[in-house]
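Coordinate inspection notes
Each chain, letter by letter, is given below.
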Number of protein chains: 2
Amino acid sequence: MKINDAANVLSALALEGRLAIFRLLVKAGPGGVKAGDIAHAVSANASTLSANLNVLSHAGLIEGRRDGRAIYYAARYDRMSDLLAFLMDDCCNGTPEICLPLINIATRAASCAHDQAEHEETTRSAQAASVQA
Amino acid sequence: MKINDAANVLSALALEGRLAIFRLLVKAGPGGVKAGDIAHAVSANASTLSANLNVLSHAGLIEGRRDGRAIYYAARYDRMSDLLAFLMDDCCNGTPEICLPLINIATRAASCAHDQAEHEETTRSAQAASVQA
DNA sequence: TCGATATTTTGAGTAATGTTGAATTATGAA
DNA sequence: TTCATAATTCAACATTACTCAAAATATCGA
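Residues numbered from 1 in each chain as written. Chains lettered and ligands numbered in written order. Predicted model: local features only at pLDDT ≥ 70, side-chain atom pairs only at ≥ 80, totals over all residues. Heavy atoms only, no water.

**Points about the protein's contact with DNA strand D**
Inspection of the region around DNA strand D gives 19 residues, with Gly36, Ser50 and Tyr73 of chain A together with Arg18 and Thr48 of chain B positioned closest. Atoms of DNA strand D within 4 Å of the protein belong to the sugar or the phosphate in 71% of instances, the rest to bases. Between Thr48 of chain B and DNA strand D, the recorded distance is 3.0 Å, taken from a side-chain N or O atom to a phosphate oxygen. Secondary structure elements with two or more residues in the surface near DNA strand D: helix 3 (35-41), helix 4 (46-58) and strand 3 (70-75) of chain A together with helix 4 (46-58) of chain B. Residues belonging to the surface near DNA strand D are distributed by class as follows: six nonpolar, eight polar and five charged. (Near = heavy atom within 4 Å. Polar contact = N/O pair within 3.5 Å; in protein donor to acceptor, adjacent residues only side chain to side chain. Helix = DSSP H or I, 4+ residues; strand = E, 2+ residues; numbered from the N terminus. Nonpolar A, V, L, I, M, F, W, Y, C, P; charged D, E, K, R; others polar.)

**Here's the deal with the protein's contact with DNA strand C**
Among the 19 residues in the neighbourhood of DNA strand C, the closest are listed as Arg18 and Asn45 of chain A together with Gly36, Ser47 and Tyr73 of chain B. Counting only atoms of DNA strand C within 4 Å of the protein, the fraction found in sugar and phosphate groups is 70%. One nitrogen or oxygen atom from the side chain of Arg18 of chain A is found 2.9 Å from a phosphate oxygen belonging to DNA strand C. Within the side chain of Ser50 of chain B, a nitrogen or oxygen atom sits 3.1 Å from a phosphate oxygen of DNA strand C.

**Notes on the side chain of Arg18 of chain A**
Residue and element names in this part refer to chain A. One can find Arg18 in helix 2 (residues 16-28). Of the side chains bearing the opposite charge, Glu16 lies closest to the buried Arg18, which forms no salt bridge; the N-O distance is 12 Å. In this structure the side chain of Arg18 is engaged in a polar contact, spanning 3.2 Å, whose partner is the backbone oxygen of Ser11. Sequence-distant contacts of Arg18, that is, excluding residues within four places in its chain, are made with Ser11, Ala12, Asn52, Val55 and Leu56. (Buried < 20%, exposed > 50% of the residue type's maximum accessible area, 1.4 Å probe, protein only. Lys, Arg positive; Asp, Glu negative; His and termini not counted. Salt bridge = Lys/Arg side-chain N within 4 Å of Asp/Glu carboxyl O. Contact = heavy atoms within 4.5 Å.)

In structure tokens:
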């Protein structure tokens, strides 16, 4: 990912209303949510919502698929992870030992995935995974 | 971290020029970089730079410390990790198994910290750390 | 104190962004 | 075909954001 691309994605997320939309879609999962339901959930005017969906869409963060008269929007996790990789890169290439707080949240996220995958010893593995500072 | 706070931080990073500044400071480490040197590195006008440093500063992403007539600016890693934690949270609370690409970059980042800390078997541990999809 | 250096603040001009109601397009059902 | 529903596009407006030169502030050395 290039820096201007990253700036574009960040800018798409930089408005509270759009960030709320994106988070809703991340939580909702790959099935997506109808535009109308999104509008209701974040209490937004229809045209405002449409404009904001368009911005998120152009940034590659979400995608829409038509089903009847509804359009379902879903988060693109790959794009999100590209952004996070871009943001973390500098830390790795620079002075990694400084980035521990950042690394710790990454580790916590990773353990959350394992917990989900394995369904066992949730708390213990989360603690064990944490890097000590 | 609240959503409006997150939107604010994202908005501070959402301009290519500011993102370049922030990345420079992340790479530079806790010692920071003189404002003048930043201006030279990103080839920015002095007042433009000052305005942008101010935005990053208000977002809590950097902080300045005066040393003689120079002011050194340094990245605040804790703030950055707060943001990343905020962005990853939804994934954990929603449908974690979907977030694997995202989790993988987190794991890679974590292993990069371990590599730095332990200085051994760099490639093997990075591969082992990766979650299989 | 005076001059030089480093940075910020101010003020102005320009560009970009966000919001909204009204009109439009697309789909499905009677 | 005609009507109702779902969503987008359009056009206008208000607001905010960006950049820059010039002036102001702060610090240091002579």
